[in-house]
Amino acid sequence: MVGGRGAIVAERNGVDQPWGARTPYGPGEAWPVRVDSHLAGGLAPEDVDRWVRTAAVLHSNGDGLDLAVKDGAIVGVRGRADDRVNRGRVDPKDLFGWQANSSPDRLTTPLVRRDGELVEATWDEAMALVAGRSKELLDEQGPSAIGFYTSGQLFAEEYYTLAAIARAGLGTNHLDGNTRLCTATAAAALKESFGCDGQPASYTDVDHADVIALFGHNVAETQSVLWSRVLDRLAGPNPPAILCVDPRETPVAREATLHLAPLPGTNLALMNGLLHEIIAHDRVDHEYVRRCTVGYDDLEKMVADYPPDRVAEICGLEAGEITAAAELLGSAERLLCTVLQGFYQSHQASAASVQVNNLVLLRGMLGKPGAGVLQMNGQPTAENTRECGADGDLTGFRNWANDAHVAELAELWNVEPMTIPHYGPPTHLMQLLRYAENGTLRFLWVSATNPAVSLPELRRIRSILSQDRLFLVVQDAFRTETAELADVVLPAAIWGEKTGTFTNADRTVHLSEKAVEPPGQARPDLDILLDYARRMDFRDKDGAPLPSWHDAESAFEAWKRATAGRPCDYTGLSYAKLRETSGVQWPCNEENPDGAERLYADGKFFAQPGYCESYGRDLITGAPVEPDEYRAINPDGKAMLKAAEYVPPHEKPGEDHPFALITGRTIHHFHTRTKTARAPQLQAAAPESWVEVSDVDAKRLDLHDGALAEITTPRGRVFARVRVGGIREGVLFLPFHYGYFDTDDPTGAQADRAANELTMTDWDPVSKQPLFKTAAAAIRPAASGGAR
């Protein structure tokens, strides 16, 4: 690939250089353009009939792309040189993942279960079953019988429609997204510190930072284009120092100035130790803390109990590593911190993530170029799930415990406030599963996600989803492991086959245009949801149809009205504007007509008692803070420094299971490989699961590279090929992508491959995010013939 500072077009035909060639630049300079592209074999750019605007759909970075169309089919992709996020670069998953759209095993007709088998049906038959069962359950039990579990891959217009249907149409509190698995803690941590969701910083802060600290964030594999940006800074003059916190030797760790590899489950202790050193050595911006925050005294008192020697013992580190990391963080002039799954899916997830916010606040590192925090997302539209209210929040970052906010939403939808359930917090996924398990939730509609592979303790999940008393609807583009258990399967159009907007992890909104027709009878998710609403005959209080919109653009205009005056204000955006500008950050309104690069630059927060999205929770127990208590603690709406004591994980390694097991991603796959496994280049790059073992542990247990190993926890066993090295002693790593759809046993009855056969049913008390990085495990060489 060609490198340089100009607008270089680079045809990328392989996956062996995932971050491309370097285009070095220095602090304060613009990131140079480098346009990546890939077309189907033998095609040249001049062969393309048209290029259609979109953005990346297989990670959360939000890279601006164009889809190449020829003869009515997608034939390739190129990066958009004018996009603020990627400046033309393309992630390997996006270079090749578009091939899934034309996969021969796409779902093209509805399926319904008859005599125990899924058989083809008409749309009218399938939707009549869905609507009919909904009405029966409303009559028998009421809205509490019905729940929805959605994705981080739909469009804002679809999430907003789903929220309106669930909250105002049905009146159910049971609506969540699979963002519960990936970034519920991001939202929780932001609400705990700033009173509201929404990323304070921007990707452009990489261009200015002199220290970048990544806490449990393997950006090289989860957001490869953002990592390219960091690598280009490292290759240029005056590069930033890098702090990596990760028990694995990731590509980030290999480039880091300092790599801390704490034991899984000890992140909060580590953060308390770093804050101890920041305060002890007076690296605090006291004027900023006094003016902009509350809670300093309690935080100072808590972290006083976490000197380096104690923290080193808890985390399995050297005390000198902790003091060196604190010195790096404390001496930064422009400190950018990022956080992802290594914190979010681990023990005391929210409490640990909040301490990263505390670090930024203590240092006064908000609102200026190169300084801030990004509580990252894992999915392309996770931000929309949260904004629109499809993940356990109320639409427009409204507060379910604030009656005035509920009344605003009721007015938008023209329903009575009591129609919208707000007697308690919206039901999170793990509680939804409990309700389904005990039979009180009797209808579950799953859209664009695959819980039969992605949720913890899969034996339990399969048991719940396959109950006769649970009516399971699956809306997807492929016959996933979850679809195999469904009563009704609805074939959905996907990215490139419909129009809508989606928002990335730094608040950048993109428009994705329809490029081709969906296959067969597949329909856009928005059309399916509106069809359901009409069949259910949902009405507002004046008798008009609910929802009131009818297509993507009218849904977007309705969504804009719902955001007016809220932190995620979209009122200055339109499809026309997004066709002219490749990526605009919210808030975009009269005050910020071109979007706002950073939040809180003025030291003002979305935390005023009458405006905030949440009154917060106790970081240890998860108990909600009462409105009056919040007003007393934070009457002026300042940022909140919240302290928490470290407690050990619920499941710790022991004699029978001496290892800590963590799961995570690989650069070549997304989620449960529903799309990426159908791209030949990506599947060939990572065709099967593996287990990562330290050199010391491998030698002790006679485990060799490429050999088959058996990994067990109290919940089950899986088999995987061994990779020796790249992880700290006493820890095992399994990628979570691999299920059963491409095996001889697509239902997973033999259950010996998916990492989540081993993970535990446990979740963070604040964010309710499942914990995938705290299981105790054992490993040994597999007996001959021990695996399929």
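Up top is the structure these notes are about.
The residue numbers shown here count from 1 along each chain, following its written sequence. Local features are withheld for residues below a pLDDT of 70 in this predicted model, meaning they are given only at 70 or higher, and side-chain atom pairs are given and counted only at 80 or more; totals for whole chains, interfaces and linings count all residues. In computing side-chain properties, one takes all heavy atoms of the structure into account and sets aside hydrogens as well as water.

*Asks:* Describe in detail the side chain of Thr-674, supporting the description with residues and values.
*Replies:* Helical segments are the DSSP runs of H or I of at least four residues, strand segments are the runs of E of at least two, and each set is numbered from the N terminus. Note that Thr-674 resides in the loop between strand 23 (659-664) and helix 25 (680-685). Two residues form a contact once any of their heavy atoms are found within 4.5 Å. The residues touching Thr-674, leaving out its near neighbours within four places in the chain, are Asn-450, Phe-478 and Thr-480.

*Asks:* Requested: an account of helix 21 (residues 525-536), with residues and values cited.
*Replies:* An α-helix turns once per 3.6 residues; consequently, residues spaced three or four apart project the same way. A helix's residues, less one, multiplied by 1.5 Å, set its expected span. Over its 12 residues, helix 21 runs 17 Å from end to end, which matches the ideal 16 Å to within 8%, given 1.5 Å per residue. Only protein chains enter the area calculation, which uses a 1.4 Å probe; residues under 20% of their type maximum are buried, those over 50% are exposed, and those in between are partly exposed. Most of helix 21 is tucked away: 9 of the 12 residues are buried. A positive phi of about 55° marks Asp-537, the residue just after helix 21.

*Asks:* Would you mind going over the layout of surface pockets in detail, with residue names and values included?
*Replies:* One simple way to see leftover space: roll a probe sized like a water molecule over the atoms. The computed volume of the largest pocket comes to approximately 610 Å³. If you go around the largest pocket, you meet 35 residues; those closest to its centre are Gly-392, Trp-400, Pro-425, Pro-426 and Arg-617. Among the elements of the structure, helix 5 (184-194) and helix 18 (429-438) are those that each provide at least two residues to the lining of the largest pocket. Any residue outside Ala, Val, Leu, Ile, Met, Phe, Trp, Tyr, Cys, Pro, Asp, Glu, Lys and Arg is labelled polar, Gly included; the first ten of those are nonpolar and the last four are charged. The residue makeup of the lining of the largest pocket, split by class, is 15 nonpolar, 10 polar and 10 charged. In this analysis, the protein atoms alone were mapped onto a 1 Å grid. Cavities are point sets where a 1.4 Å probe fits without being able to get out; pockets are open sets with protein on both sides within 12 Å along at least five of seven lines; lining residues have an atom within 4 Å of a point. Grid points are joined across faces, edges and corners, and a volume is the space filled by probe spheres set on the points.

*Asks:* Could you give an account of the nonpolar core, naming the residues involved and the relevant values?
*Replies:* What makes a nonpolar core is a set of buried Ala, Val, Leu, Ile, Met, Phe, Trp, Tyr and Cys residues whose side-chain atoms join them at distances within 4.5 Å. Counting residues in each nonpolar core, the largest one holds 167 residues, and the members touching the most others are Phe-215, Leu-243, Trp-413, Trp-445 and Tyr-532. Contacts of Trp-413, omitting those with residues within four sequence positions, involve Tyr-160, Ala-163, Ala-164, Arg-167, Ala-168, Thr-395, Ile-420, Asp-540, Leu-546 and Trp-549. Listed in part, the 29 residues of the second largest apolar core include Met-430, Leu-444, Ala-751 and Ala-754.

*Asks:* Pulling in residues and values, what's your account of helix 2 (residues 123-140)?
*Replies:* In a regular helix each residue adds 1.5 Å, so 18 residues correspond to 26 Å; helix 2 covers 26 Å between its end C-alpha atoms and thus fits that length. Restricting attention to buried positions, one finds in helix 2 the residues Trp-123, Ala-126, Met-127, Val-130, Ala-131, Arg-133, Ser-134 and Leu-137. Along the long axis of helix 2, the arc covered by the buried residues comes to 155°, so they all point the same way. Exposed residues on helix 2 whose side chains face more than 90 degrees from its buried face are Asp-139 and Glu-140. Residues of helix 2 that are buried in the fold lie against strand 6 (111-114), strand 8 (146-150), strand 16 (443-447), strand 17 (471-476), strand 18 (488-491) and helix 21. The positive-phi residue at the C-terminal boundary of helix 2 is Gly-142, with phi of around 100°. Here the arc refers to the set of directions running from the helix axis out to each C-beta atom.

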